Amino acid sequence: MGSLTQPLAVLGALVRVSLMTGMQYRANFLADVATGAIRTLSTLGPVLLVYSRTDTIAGWTLPEALLVLALYLLMEGFVGGVIEPNLSMVVEGVREGSLDLILLRPADAQLMISLRTVAPSRLWDLVGGVIVGGWALATLPSLPTPIDVGVAAVLMLSGVAAVYGLWILAICLSFWFVRVDNLRFVLWSAFDTGMWPIPVFQGWIRAVLTYLVPVAVMTSFPAMAITGRWSPALVAQGLAIGVAFLGISRWTWRRALASYTSASS
Amino acid sequence: MTPAPDRLGTTLVRIGRALPELARVSVSRHVAYRAELTLWILTSLLPLVMLAVWSTVTEQAVIAGYGQTEVARYFVATLIVRQLTGAWVVWELGFLIRSGRLNTELLRPFPPLVVQATWMITALPFRLAVLSPIVAALVWWRPDLLAFPGWTALGLTAVSLALAWALNFLVQVCFGMLAFWFDRSDGLFELWTSLWFLLSGYVAPMAFFPDAWRGWLDWLPFRATLGTPVELLGGFSDPSRVGLDLFRQAAWVVVAFVLARVLWTRGLARYGAFGS
């Protein structure tokens, strides 16, 4: 098996198994799906309320803000559906020593801990993101050009990488400080800022949301690209942040593993 | 499990005797988990996000009497009131019931909720202490947001805060007790929270909602848990309607208390049947 196809095969197997686990408890699954749908709907509320009182905020019209919201929902679906459930499993694993079982397997441990489980209820955020995104595109005065869409896709991927890197960094903390459960709630509430266009925030808060908790790269940057408001500098900035977070998180993960002393041994 | 009326007095005396010790234990618990408590408080900074959003909007025009200063004052009040009315009993109850640890709690000579309430009330000073640097920074940024609402308003705010705290606590108790019947009651509370976010005054002052909605929004329990004390503290409430607002809060507290009592009696009967 080639070195490139092996991670992909592992990835496919992990996604299949975790979906099956999620649907095993049927009543739970259905309840989760129902509450997820309502939660997704309720994120529309604040945006619509703001735009019932004004036409633009910080120069962004409603369709443009809806684009940001769509990207925010996609990010929520990704973080809540894939990243967060896995993070809590690692924190558990470090505390109980069950992480050893993963580390012994002949596949990359970071890949394994990143995709062990998915939360199906968060699928609604993805569905909601697609619907809101479609609504935004339909109400925009003009359709985006293929180049704009391409740039947006690149920036979005970079944003996903950055957000993923941030959560891996948070996971790594659990190797040194066992109690980091609460950190994820802090991260979640910081992510709530991602549903608003980034120019709403000023000064150092904007810098924090771009470089430190890079939600802006995931939500506002691609939205700017789709509406044709991108510049090569913006793309370079977005890419640099994504690459930096991936690199730093990979490096920290290795350091953290090296210092991991199993709780069971 | 329902205590006979003649024994209610004895229970109250027992609670009164145990209260100082309970409070002492709760405070040491908060001191022990101070980092955790601080992180929790940092998760409730959404009012600052909404402050940034509405501040941008009110730059262009005053909305329903709210300019930038008023918006700042409103959301700083929201930040404070949110901390002073917070509880987490829904998670605690769910955990106690699911794990069976409620058994130990039931052995105490007074209702388990007294312990929970003491634990959560003693967190309030800590919450204020953590919040104070943030509020100080906000006042430094915008000194005009400080406005003394007057002693009467301050007194009424205290009453309203107490009612809002009680309502929040009791609503959480009701949702927490659903764990007697459902394995996953947390999801239902999440539904309540989604509605609460939108309709309590947390993401926008109630005055920003369309006028047609106000009539029924004011009668829902959401505003009673947050919006009413925030408006009093920030000096936004209409003096002629304060009485009605406080009455609505009190009425919801009574409703939630009765509901909690019914759920407790029924749930406990069911729990006993399963546990023995």
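Refer to the structure printed above.
About the thresholds
- Residues numbered from 1 in each chain as written.
- Chains lettered and ligands numbered in written order.
- Predicted model: local features only at pLDDT ≥ 70, side-chain atom pairs only at ≥ 80, totals over all residues.
- Heavy atoms only, no water.
- Helix = DSSP H or I, 4+ residues; strand = E, 2+ residues; numbered from the N terminus.
- Rg over C-alpha atoms; globule rule 2.2 N^0.38 Å.
- Buried < 20%, exposed > 50% of the residue type's maximum accessible area, 1.4 Å probe, protein only.
- Contact = heavy atoms within 4.5 Å.
- Areas by Shrake-Rupley, 256 points an atom, 1.4 Å probe, with all protein chains shown as cover.
- Lys, Arg positive; Asp, Glu negative; His and termini not counted.
- Charge placed at Lys NZ, Arg CZ, Asp CG, Glu CD.
- Expected span 1.5 Å × (residues − 1).
- Buried area = accessible area lost by both parts, 1.4 Å probe.
- Salt bridge = Lys/Arg side-chain N within 4 Å of Asp/Glu carboxyl O.
- Polar contact = N/O pair within 3.5 Å; in protein donor to acceptor, adjacent residues only side chain to side chain.
- Axes fitted to C-alpha atoms, helices over the stretch in contact; angles between N-to-C directions.
- Parallel < 35°, antiparallel > 145°, perpendicular 65-115°, else oblique.
- Left-handed = near helix turned anticlockwise from the far one by under 90°.
- Nonpolar A, V, L, I, M, F, W, Y, C, P; charged D, E, K, R; others polar.
- Patch = residues over 30% accessible without salt bridge, like charges linked within 9 Å, V, L, I, M, F, W, Y side chains within 5 Å.
- Phe/Tyr/Trp six-rings, centres within 6.5 Å; stacked < 30°, edge-to-face > 60°.

This part is about the overall build of chain A. Looking only at helices and strands, one finds 13 helices and two strands in chain A. Here the C-alpha atoms of chain A give a radius of gyration of 19 Å, agreeing with the 18 Å that 2.2 N^0.38 yields for 265 residues. Taking all 265 residues of chain A together, 51% fall into the buried category. Partitioning the intrachain contacts of chain A with sequence separation of at least 6 by distance along the chain shows that 81% fall at a separation of at least 24. Counting every atom, chain A has about 12200 Å² of accessible surface; 71% of that belongs to carbon and sulfur. Side chains of chain A carry 15 positive and 13 negative charges; the gap between the two charge centres is 5 Å.

Before going further, it helps to spend a moment on helix H10 (residues 186-199) of chain B. Residues and elements named next belong to chain B. Taking 1.5 Å as the rise per residue, H10 with 14 residues should run 20 Å; its terminal C-alpha atoms sit 20 Å apart, in good agreement. Buried within H10 are the following residues: Gly187, Phe189, Trp192, Ser194, Trp196, Leu198 and Leu199. Positive backbone phi, at 100°, marks Gly201, one or two positions downstream of H10.

Residues and elements named next belong to chain B. With respect to the secondary-structure elements, Asn168 resides in helix H9 (residues 151-177). Residue classification places Asn168 among the buried residues on the basis of a relative accessible area of 11%. What Asn168 contacts, discounting residues up to four positions off in sequence, is Thr85 and Thr225.

Okay, the interface of chain A and chain B next. Counting from both sides, the interface comprises 26 residues of chain A and, opposite them, 26 residues of chain B. Here chain A packs against chain B, burying approximately 2400 Å² in sum over the two surfaces, 69% of which is carbon and sulfur. Contact with chain B buries area across many residues of chain A, yet Leu49, Arg53 and Asn182 of chain A alone supply 26% of it, more than any other trio. Taken together, the connections running from chain A to chain B amount to zero salt bridges. Inspection of the chain A/chain B interface yields three residue pairs in polar contact (both at pLDDT 80 or more). Sorting the residues of the side of chain A that touches chain B by element identifies helix H2 (26-42), helix H3 (44-53), strand S1 (56-57) and helix H9 (181-191) of chain A as the ones contributing at least two each. Here the side of chain A that touches chain B takes six residues from H2 of chain A, the largest share from any one element.

Moving on: the packing of helix H5 (residues 89-99) of chain B against H9 of chain B. Residue and element names in this part refer to chain B. Direction vectors running N to C along H5 and H9 enclose 25°, while the axes themselves pass 8 Å from each other. Relative to H9, H5 is oriented roughly parallel. Two packed elements cross with a definite hand, and for H5 against H9 that hand is right-handed. Mapping the contact onto sequence places Val89, Val90, Leu93, Gly94 and Ile97 in H5 and Phe169, Gln172, Val173, Phe175, Gly176 and Met177 in H9. In the contact of H5 with H9, the residues fall into eight nonpolar, three polar and no charged.

Looking now at the environment of Thr10 of chain B. All names here are of chain B. Of note, Thr10 is situated in helix H1 (residues 5-32). Overall, the relative accessible area of 43% leaves Thr10 in the partly exposed class. For Thr10 and Phe110, which are 100 residues apart along the polypeptide, the C-alpha to C-alpha distance reads 9.7 Å.

So, about the pattern of salt bridges. Applying the stated criterion across every chain yields a total of seven salt bridges over all chains. The partner of Glu64 of chain A in a salt bridge is Arg229 of chain A, and the shortest N-O contact between them spans 2.9 Å. With Glu64 of chain A in helix H4 (residues 62-96) and Arg229 of chain A in the loop between helix H12 (220-226) and helix H13 (232-258), the pair connects residues that are 165 residues apart, well separated along the chain. Assessed through its relative accessible area of 13%, Glu64 of chain A is described here as buried. Relative accessible area serves as the criterion here: at 35%, Arg229 of chain A is assigned to the partly exposed category. Between Asp245 of chain B and Arg223 of chain B there is a salt bridge, with the nearest N and O atoms lying 3.1 Å from each other. Within this pair, whereas Asp245 of chain B is found in helix H14 (residues 242-275), its partner Arg223 of chain B is found in helix H12 (residues 221-225), the two being separated by 22 residues in sequence. Residue classification places Asp245 of chain B among the buried residues on the basis of a relative accessible area of 5%. Where salt bridges share partners, they join Arg214, Asp218, Arg223, Glu231, Asp245 and Arg248 of chain B into one cluster.

All names here are of chain A. Side chains of Leu8, Leu11, Val15 and Leu19 sit close together on the surface and give an oily, nonpolar patch of about 300 Å² of accessible area. The residue Leu8 is located in helix H1 (residues 5-24) in this model. Residue class for Leu8 comes out exposed when judged on its relative accessible area of 58%.

Turning our eyes to something else, we now look at the packing of aromatic side chains. All names here are of chain B. Considering all chains together, one arrives at 22 aromatic pairs over all chains under this definition. Where Tyr74 meets Phe236, the ring centres are 5.9 Å apart and the plane angle is 55°; that geometry is what we call tilted. Residue Tyr74 is located in helix H4 (residues 68-84), and its partner Phe236 is located in the loop between helix H13 (227-234) and H14; the two are separated by 162 residues in the primary sequence. Residue Phe236 is classed as partly exposed on the basis of its relative accessible area of 22%. The interplanar angle of 50° and the centroid separation of 5.8 Å between the aromatic rings of Phe175 and Trp192 together place this pair among those described as tilted. Remark: Trp192 occurs in helix H10 and Phe175 occurs in helix H9; sequence separation between them is 17 residues. Using a relative accessible area of 14% as the deciding quantity, one classes Trp192 as buried.

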